[in-house]
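Chain by chain, the residues run as shown.
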Amino acid sequence: MSTEVERVRPMGRWTEFRREAGRSLIAVVIALVVAFVVVLFTSKAPFDALGTLLTAPLGRPRTIGLWIDDAAKLTVTGLAFSLVFQARQFSMGVQGQVYIGGLFATYVAVSPIGQTWLGIPLGILAAMVAGGIYGFLPGIAKARLGANEIVSSLMLNYIAIDIVNYLVRVQLGAPGMLYTAPFPATSVYPALVPNTRIDLGLIFAIIAVLAVWFALYRTSWGLKLRLVGHNARFAAYAGIRSSVIMVSAMTASGALGGLLGSMFVQGQIFGKLNVLFEGNLAFEGILVAIVARSRPLAVPFVALAYGYLRQGAQLMNIRTDVPAEVIGIVTALIIILVSSTFKFPGKAFFARLLGMRPDVPLSATAGEARQ
Amino acid sequence: MALLEAVNIGKVYPGGVVANDGVNLSVDKGEVHAVVGENGAGKSTLMKILFGVEHPDAGQVLLDGKPVSFANPREAIDAGIGMVFQHFSLVPSFSVYENVVMGAEPHSGVRFDRRTAIAEVAALSEKFHLAVDPLPATGSLPVGQQQRVEILKALYRNARILILDEPTAVLAPQEVQELFVAIRSLVAQGRTVIFIAHKLPEVLEISDTITVMRQGQSVGRVKTRDVTEQELATMMVGREVVLRIDRSQVKAGAVTCEVDKLRLMDARGNAVCSDLSFKVRSGEILGLVGVEGNGQSDVISAIAGTRSVEGGAIKLDGRDIVPLSVLQRRQRGIAGIPEDRLAQGLAVGASVAENLVSTRLTDKRFVRSGLLDLRAIKAQAQALIEKFSIRVSGPQAPVATLSGGNMQKVVVARELAEQPKLLLVAQPTRGVDLGATQFIWKTIANARDAGTAVLLTSADLSELLALSDRLLVFYRGKIVAAFRNSEAVNPETLGTYMLGLRAQTPDEMREALA
Amino acid sequence: MTQLIGAILSFAFYQTVIRTTTPLLLATLGGLIADLSGALNVALEGQMLIGCLTAVIVSVYTPWYVAVLAALLVGGVLGLLMAFFALKMRADIILVGFAINILASGGTVFVLALATGGDKGTSINLPSKAVPAIDLGFLDAIPGIGPILTGLFSGHSVLSWVAALLVIGIWYFLYRTPWGLWLRGVGEYPAAPEAAGIPVNAVRTWSLLVSGALAGLGGAQLAMFNFVGFTRDMTAGRGFIALGAVLLGARHPFGALLAALLFGAFDGLTTILPGLFDWVPPEIIHMTPFIVTILALVLFSIRAQRLLALRGAH
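Remember, predicted model here, so these are calculated numbers, not experimental data.

Criteria and thresholds
- Residues numbered from 1 in each chain as written.
- Chains lettered and ligands numbered in written order.
- Predicted model: local features only at pLDDT ≥ 70, side-chain atom pairs only at ≥ 80, totals over all residues.
- Helix = DSSP H or I, 4+ residues; strand = E, 2+ residues; numbered from the N terminus.
- Buried ≥ 20, exposed ≤ 12 C-beta atoms within 10 Å, placed from the backbone.
- Contact = placed C-beta atoms within 7 Å.
- Rg over C-alpha atoms; globule rule 2.2 N^0.38 Å.
- Expected span 1.5 Å × (residues − 1).
- Nonpolar A, V, L, I, M, F, W, Y, C, P; charged D, E, K, R; others polar.
- Pairing = 2+ DSSP bridges.
- Axes fitted to C-alpha atoms, helices over the stretch in contact; angles between N-to-C directions.
- Domains from an automatic or database assignment.
- Parallel < 35°, antiparallel > 145°, perpendicular 65-115°, else oblique.
- Right-handed = clockwise from strand over helix to strand, strands pointing away.
- Core = buried A, V, L, I, M, F, W, Y, C linked by C-beta atoms within 7 Å.

Caption draft 1: Representation of the overall build of chain A within the structure. Scanning chain A for helices and strands turns up 14 helices and 0 strands. The 371 residues of chain A split such that 59% are buried. Considering only residue pairs separated by 6 or more positions, chain A has 77% of its internal contacts joining residues 24 or more positions apart.

Shown next, in the form of structure tokens:
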């Protein structure tokens, strides 16, 4: 017979969602406030700048297009990071996977195949396979050798950039140019909305979201991945091959990175391979992933919101005297705040607002968990 | 006047857990004062408050009659209170003397004066009968010596009061006697010792005064010579405690698992065990007895498949399973309750349902073509929650919200959902309250009655004696004694074998080994 | 080939290597201290970059040594920030580190544009100063070995000497003082120093502060000696190579020195090889430190694994 009084808290998914969403929202607000303050002090026309930041993307179809396209790309990199974060690995290699993926998509595009209808599907396939392999490398190093995946993946990023730079300069690029000739139309994603940058990539982003969600929550592979992320020792004890899971997570993530590479070089945005085409977008995926708590279904929404800010910053840069880089401050702050367990004043008030019961004091049998 | 007093201490942890509620403690100078209570009674919390690791929400601590409040352990140490925790706080690669003096190093200017440190440690070690060599790396020492290093740490800082948190948990009976010699020597030299325990025979032997705690409160303070074990147990749980389950009524059946000339090695290439052989039969509980580190846990890990085997065979129903993976062994009918449920037995961040299905991902009822059948998984979880009386709000609740006893029930439910052929159990009721303990014992006994072969290890001799049908004593990786469980087998007997003081001859063992 | 060997064995090359090694060595020492205390500092890159900009801007208005000090202080503040969020607010230290890198990458361009009145690429319009080189030309006078001594010791940046002294100082601190013992204990097994009353979080905070300060100092050297002035993203991965050097140097100050020298040598090769061998692509040379880091990582992991493999699966 049990002598204890049990704590029975309704920990449904809705309560959890509200709490996590609340925390993310507050972090974003704080970050924006800080950015506002910075702009206030450094701009000659701060309110113009802020106004542009917040409203400009909606101004014209073209800018809306830029926003949506950017969000699609942010979604894919956000998914890539979400996968590895769910497995509790810190592979930072998405950037390198994007470059390698873009490189192989380019090879398809400039080959004879690129001039047929196979240009797009094979380009994507080549990009994803190449990206997957590139993601596999730090994974296998970690699984077989225990090599720190943060360091190895970061090194591979720089190596990938150098390889692409070299190949463009020496082999692929138009002579003396840092970019290739434009790809044939059959190798470039058609625009979905004419005269904007929104292209087939958007569809792929949406498919990717659904695919990653399904894989994580409806397949045994996904369950194993999440269990490994929760407690790798337990997973081993339960008979799950943690190393296989870790490697496959990083490989799958790499394939997503490769897809993003194809979305860049074969998308309306470029339609060719330039050096440094990726513009550090891959790392923004970290922000998207952690604000979305690595949940695939939340990623596109965060990507949309963040993409909006990025567009706003670009337009603010063009039309006012505030450099777009101010958004770096926002990004950094959001990452830091969301990953902290900060307690802000009035927490109890908010807790009640969001529908969470204060915990009922228990008998000391629950104290055993403390000992 | 008492040397150290705690008056009306209250402590509530964030999350609402009431660890201490109006606790009183009064320790006189020069006495050995035991604080007893079962897991969750609040003893460790009280000690942490005395040592400055935690701060009380209510009440006061008085030292030499004056109120004190320690913001951190450093202040407590400066005031003359030293604490030896159950889990040692020793840096493995540092030498003994480095560990002892860390934080209070003798130094000339900025230079760490190693020679003086070594000399001082050696002197202390002699003075208090705590023999240990100051130079080797602490990680390489056996547990009993590591404990001495811990005690030396406190003595190096001139602790007047020494708090020992379950010091005998990892010691065999004779090592406990050595510890008691050291304690008596400390007291003879004017120190005061507080120790936390729940092994009543030891408490009765060494202490002068006992404070009993139960469910966060102090329920009594008695002089040791005035009280009996039964009275103490009653104070601790509030009702009469029956400590044994029924022996198996059925004669044990066919051999389920046979370990044959097993050889296991450790990281340094030393043999953990070699030429080890024994059998477990269906319908019996075989208890592996031994001080921690003598090979029992390694054997269990080897059978489970979480550890490599360097020689010999492990046969399940006659077939060698050594080449098989953990998953394959589970598919053949091996289930296990690991020593540390938080580190190894559960994914605390995942839901109860996810934990319950995690070992059955190749079962077609739950997973087909790689896809999860969420409805079936939820239904199974619901059924198991009811069957094992797990107190939880629902199958989707994260395991983190459960108490220790209920977490262990999740582990037990998962492993015993299907009748396993062989059940490996390690420390099944560590950190589990009495009610859940009884439930778990009954569950294991039921499994045995239904034909499962059970292999059990535990640091708790009374648990082994309560549950096992047969007992094997391990010493240095070898079996030195085998018994059929009966009233004649008691902790003292087992203790002599556990420490290698005696060993049975092969003839004496044959009957119980068969 | 002989031309190459001649170039490498010259004093000029040696001087180049010392120059390229210095920022890397400072960052590596910073990474070492943080790592040994159990707090991995992946923000070295960002701290160094911000150190670069700080040094450049401050030096416009003040003497060079004030600018160097400013870079050091700013780096230290960034380290403190990391400590605050990672230790007090329980954010994941890797994520906080990357956040600082992102902050640095964008923030430095932002501030640069403000300071130069619109130039987001370089600080070429700003009259920033340089760290002086120490001229020991008088050693020439010594009979016989004079010129050799001059070649070896003269002409290095003040900060290079500081870095060399720091290697010894940090070694002494780690292995000959009590606080070094504390730091190493905190990194290896924090429960032990905590039980001994050592404030674990305070130790880690100090180590992150020092780590950031050293990275900032490395930034000062980079932007006031190796180059004079700021260019966007001028650290180009040095902060991450520093992490590799910590690993390669077996987490020991002398190892860190050797590893940093090795990588500095590669960096130096980048400047002389194109001159001698047109056919070695600069990108390939640029890649080499990263490749070497991965190889080092792999080799060390294999070694560590061999030691662990005997310990049995737990």
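Caption draft 2: Summary view of the overall build of chain B. Each helix and strand counted, chain B has 18 helices and 24 strands in total. Against the compact-globule benchmark of 24 Å for 514 residues, chain B has a radius of gyration of 24 Å, which places it among compact chains. Along the longest, intermediate and shortest principal axes, the C-alpha atoms of chain B span 65 × 50 × 50 Å. For chain B, with 514 residues in total, the buried portion stands at 49%.

Caption draft 3: Structural view of helix α13 (residues 326-339) of chain A. Spanning 14 residues, α13(A) covers 21 Å between terminal C-alpha atoms, matching the ideal 20 Å at 1.5 Å per step. Burial of α13(A) is extensive: 14 of the 14 residues sit out of reach of the surface.

Caption draft 4: Quick look at the interface of chain A and chain C. At the interface, 35 residues of chain A touch 42 residues of chain C. Those elements that provide at least two residues to the side of chain A that touches chain C are α5 (119-145), α6 (149-172), α11 (281-291) and α13 of chain A. Ranked by residues supplied to the side of chain A that touches chain C, first place goes to α6(A) with 11 residues. For the side of chain A that touches chain C, the class distribution of residues is 23 nonpolar, 10 polar and 2 charged.

Caption draft 5: The arrangement of the sheet that holds strand β11 (residues 209-214) of chain B in detail. Residue and element names in this part refer to chain B. The 6 strands are arranged β6-β9-β10-β3-β11-β12 in an open sheet whose pairing can be described as mixed. Since the sheet does not close on itself, it has two edges, and those belong to β6 (81-84) and β12 (217-223), each with one partner. When strand polarity is set aside, the average angle formed by the axes of neighbouring strands in this sheet is 20°. Pairing of β11 with β12 involves 6 bridges; the strand directions are antiparallel. Within the sheet, the bridge partner assigned to M213 lies in β12 and is S218. In the packing of helix α1 (residues 43-50) onto the sheet, the strands contacted are β3 (32-36), β6, β9 (161-165), β10 (192-197) and β11, and the crossing angle to β9 comes to about 150°. Lying on the sheet, helix α5 (residues 143-156) is in contact with β6 and β9; it crosses β6 at an angle near 170°.

Caption draft 6: The arrangement of helix α4 (residues 64-88) of chain C in detail. Taking 1.5 Å per residue, 25 residues should reach 36 Å; α4(C) reaches 35 Å between its end C-alpha atoms and fits that length. Two residues or fewer past α4(C), C:R90 is found with a positive phi of approximately 55°.

Caption draft 7: Layout of the sheet that holds strand β23 (residues 470-475) of chain B. Residues and elements named next belong to chain B. One open sheet accounts for 6 strands, arranged β18-β21-β22-β15-β23-β24; its pairing is mixed. A strand with exactly one partner marks an edge of an open sheet, and here the two such strands are β18 (334-337) and β24 (478-484). Along the sheet, successive strands turn relative to each other by an average axial angle of 20°, direction set aside. Sheet topology places β18 next to strand β21 (residues 422-426); 4 bridges connect them, and they run parallel. The residue of β21 that forms the bridge with I334 is L422. Packing against the sheet, helix α9 (residues 296-304) makes contact with β15 (285-289), β18, β21, β22 (453-457) and β23, and its axis sits at approximately 145° to β21.

Caption draft 8: Here's a closer look at the domain arrangement of chain B. Residues and elements named next belong to chain B. Considered domain by domain, chain B is made up of domain 1 (4-237), domain 2 (255-333 + 418-513) and domain 3 (350-400 + 410-417). Inter-centroid distance (C-alpha atoms) of domain 2 to domain 3 is 28 Å. On the domain 3 side, the residues contacting the 9 residues of domain 2 number 7 residues. Of all elements in the fold, only α10 (326-331) and α15 (434-449) reach the threshold of two or more residues within the side of domain 2 that touches domain 3. Of all the elements, α15 adds the most residues to the side of domain 2 that touches domain 3, at 4 residues. Of the residues contributing to the side of domain 2 that touches domain 3, the split by class is 5 nonpolar, 2 polar and 2 charged.

Caption draft 9: Geometry of unusual backbone geometry. Residues and elements named next belong to chain B. Phi is positive for D64, close to 55°, though the residue is something other than glycine. Its place among the elements puts D64 in the loop between β4 (58-63) and β5 (66-68). Despite not being glycine, N158 has its phi angle at roughly 55°, a positive value. Residue position: N158 is located in the loop between α5 and β9.

Caption draft 10: Geometry of the packing of helix α14 (residues 404-416) of chain B against α15(B). All names here are of chain B. Packing of α14 against α15 leaves a shortest axis separation of 10 Å and a crossing angle of 10°. With respect to α15, the axis of α14 lies roughly parallel. For the pair formed by α14 and α15, the contact residues are G405, Q408, K409, V412 and L416 on the first element and G435, A436, I440, T443 and A447 on the second. A per-class count over the contact of α14 with α15 returns 5 nonpolar, 4 polar and 1 charged.

Caption draft 11: Expanded view of the pairing of β22(B). Residues and elements named next belong to chain B. Counting buried residues in β22 gives 5 out of 5 residues, a clear majority hidden from the surface. Of the two faces of β22, both are covered, the one formed by A453, L455 and T457 as well as the one formed by V454 and L456. The pairing of β15 with β22 spans 4 bridges and is parallel. Along β22, the bridge assignment pairs I285 with V454. This β-α-β element, β21 to α15 to β22, shows right-handed connectivity.

Caption draft 12: Expanded view of the environment of A:W213. Residues and elements named next belong to chain A. If you trace the backbone, W213 turns up in helix α7 (residues 200-218). A residue is classified by how many C-beta atoms lie within 10 Å of it, and W213, with 18 of them, is partly exposed. Between the C-alpha atom of W213 and that of L297, which follows or precedes it by 84 residues, the distance is 6.6 Å. Setting aside its immediate chain neighbours within four residues, W213 contacts P296 and L297.

Caption draft 13: Structural context of the packing of helix α7 (residues 158-176) of chain C against helix α8 (residues 178-188) of chain C. All names here are of chain C. Running from amino to carboxyl end, α7 crosses α8 at an angle of 75°, the nearest separation of the two axes being 5 Å. When the interaxial angle is binned, α7 and α8 end up roughly perpendicular. Counting all contacts with α7, which are made through F173, L174, Y175 and R176, the residues of α8 involved are W179, G180, L183 and R184. Its residues assigned to classes, the contact of α7 with α8 shows 5 nonpolar, 1 polar and 2 charged.

Caption draft 14: Examining the pairing of strand β16 (residues 311-316) of chain B more closely. All names here are of chain B. Sheet topology note: the strand β13 (residues 255-265)/β16 ladder contains 5 bridges and is antiparallel. What sits directly across from D260, in β16, is A313. Here β16 pairs with strand β17 (residues 319-320) via 2 bridges, running antiparallel. Bridge pairing links L316 to R319 in β17. Between β16 and β17, which pair antiparallel one after the other, the connecting turn spans 2 residues, and D317 there sits at a positive phi close to 50°.

Caption draft 15: Focus on the nonpolar core. Counting residues in each nonpolar core, the largest one holds 368 residues, and the members touching the most others are A:L259, A:I334, A:I335, B:V473 and C:M82. Each residue touching C:M82, except ones within four places of it in the same chain, is listed here: C:N41, C:A43, C:I93, C:V96, C:G97, C:I100, C:L208 and C:G212.

Caption draft 16: Representation of the environment of B:A182. Residue and element names in this part refer to chain B. For A182, the location among the structural elements is in helix α6 (residues 173-188). Separated by 40 residues in sequence, A182 and P142 place their C-alpha atoms 18 Å apart. What A182 contacts, discounting residues up to four positions off in sequence, is F128, H129 and L130.

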